[in-house]
Amino acid sequence: MAPTSVATPTPTTAKKPWYKILYVQVLIAIVLGVIVGWLFPEVGKNEWIKALGDGFVKLIRMVIAPIIFCTVVSGISHITEVKKVGRVAVKALVYFEVVSTFALLIGLIVANVLQPGAGFSGKTDAGAVASFAKQASEMKSVDFVLHIIPDSAVGGFAAGDILQVLLFSVLFGIALMTVGERGNALRTMIDDFAHTMFGVIAIIVKAAPIGAFGAMAYTIGRYGPTALGNLAGLIATFYFTSILFVVVVLGAIARIAGFSIFKYIAYIKDELLIVLGTSSSESALPQLMEKLERLGCSKPVVGLVVPTGYSFNLDGTNIYMTLATLFIAQALNVPLSLGEQLTILVVAMLTSKGASGVTGAGFITLAATLAAVRPELVPGMAIVLGIDKFMSECRALTNITGNGVACIVVAWWEGELDRKKLNTGLSRQIDPSNIETAVTTG
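Residues numbered from 1 in each chain as written. Predicted model: local features only at pLDDT ≥ 70, side-chain atom pairs only at ≥ 80, totals over all residues. Heavy atoms only, no water.

Draft legend 1. Molecular detail of the packing of aromatic side chains. Inspection of every chain in the model, using the stated rule, returns nine aromatic pairs. Aromatic pair Tyr-95 and Phe-96: ring centres 6.3 Å apart, planes at 75°, arrangement edge-to-face. On the basis of relative accessibility, which here comes to 0%, the residue Phe-96 falls in the buried class. In this structure, Lys-291 packs its charged tip against the face of Tyr-267, placed 5.4 Å from the ring centre. Lying over the aromatic face of Tyr-320, Arg-395 brings its terminal NZ or CZ to 4.3 Å of the ring centre. (Phe/Tyr/Trp six-rings, centres within 6.5 Å; stacked < 30°, edge-to-face > 60°. Buried < 20%, exposed > 50% of the residue type's maximum accessible area, 1.4 Å probe, protein only. Lys NZ or Arg CZ within 6 Å of the ring centre and 35° of its normal.)

Draft legend 2. Focus on unusual backbone geometry. Positive phi is not limited to glycine here, since Gln-115 has a value of about 50°. Looking at where Gln-115 falls in the secondary structure, it is placed in the loop between helix H5 (82-114) and helix H6 (130-138). In this model, Asn-333 sits at a positive phi of 60°, which is unusual for a non-glycine residue. Relative to the helices and strands, Asn-333 is located in the loop between helix H17 (315-331) and helix H18 (338-354). Take Asn-333: its relative accessible area is 67%, and that puts it in the exposed class. (Helix = DSSP H or I, 4+ residues; strand = E, 2+ residues; numbered from the N terminus.)

Draft legend 3. Structural view of helix H9 (residues 162-179). Given a rise of 1.5 Å per residue, 18 residues ought to cover 26 Å, and the 26 Å separating the end C-alpha atoms of H9 matches this to within 8%. Of the positions making up H9, those classed as buried are Ile-162, Leu-163, Gln-164, Val-165, Leu-166, Ser-169, Val-170, Gly-173, Leu-176 and Met-177. (Expected span 1.5 Å × (residues − 1).)

Draft legend 4. The pattern of salt bridges, seen in detail. Enumeration over the complete set of coordinates arrives at seven salt bridges. Here Lys-45 and Glu-42 are joined by a salt bridge, their closest N and O atoms 3.4 Å apart. Relative accessible area serves as the criterion here: at 35%, Lys-45 is assigned to the partly exposed category. Judged by relative accessible area, which is 59%, Glu-42 ranks as exposed. We note a salt bridge from Glu-416 to Lys-84, for which the minimum N-O separation is 2.3 Å. Of the two residues, Glu-416 is situated in the loop between helix H21 (388-414) and helix H22 (419-426) and Lys-84 in helix H5; the sequence distance between them amounts to 332 residues. Residue Glu-416 is classed as partly exposed on the basis of its relative accessible area, which comes to 23%. A single salt-bridge network, built from bridges that share partners, covers Arg-87, Lys-91 and Glu-414. (Salt bridge = Lys/Arg side-chain N within 4 Å of Asp/Glu carboxyl O.)

Encoded structure:
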């Protein structure tokens, strides 16, 4: 069936007054959250304020599993050859590994050039990182692989585990594809269900400003501006490195694929601000998938690449691991040879996969990397523990940007990118913040 037509293109500014635009509301909420947390820390630390941010993230996570299932199953079931599914998956994994290596390298290079940890005179508390080190020591590659397989067909849905849902969805989609015409009624039902779920997302995202306010007020109220000031150098270095990676590495990749990284960032600014407010890239996953489809990426590519990227394409986390490792080594005055730094790169590439889907994954993978390369550096994690919350926002922003670019590139590589839709979306000829105008494929 042919795709339904998109609503008549209308400039965003002509359709909505500024105060009704989502990214403006979220930005105002973030600023108000910082003010409340700074000037009224006791209010910011209130558990009900924290609940505003946590509640919004839970609302989004509530619908992630069914949206991934519908998108993947619908996309695969309309494919005429099984080989295409494997081909897209292989291309995605190759892309992930190459770009992740660049992310790790740029973290190493910047840490060596700027030396953010040199001359640090703070104290460390080994006990503060004991739980993270314990979790890291328990991580094994075989356990990670087995964990991808759910205990039951609905186990991944109940746990909200993206990789488990993805595995079952791929198998279900392939099975539905092989049924042929007998599965048409089920395909139509799944497509209709997916359309309804995006309607649910359209309702939930209206609460994004409230969630962003609560998360930011609690963060500033709980940790205070002092936590920022003590290690401002490391925070600034990490943000600088992440921006450098997005502009230079992802920018070059985007240019090769035929689009502008700056126009793409402007296209997903609503999602980026939601991620900034909640410090969770998962909070914008459903909206990102829907926007990428409207940008011309085919449904099978979106369904396979984006959820997989949330576990295997963590560019921000990779930058953080190498940069933080060298920062800790410099702060503790433990010199690392070139060989040891390259070992860190290889180990980090592996540990970044093993902790995906775990709460505090960035900090846990850092512990695993340090324990594998130089165990004496593990207590030094206490230096960055207090500011990890502020750095997690940058990790999430870089991760979601990298995953979106990955989807467009793989779609282009596979010949599944509608260039006309891409140019229309990036040139702002449609309202990208209006989820209700999604393009659905019947």
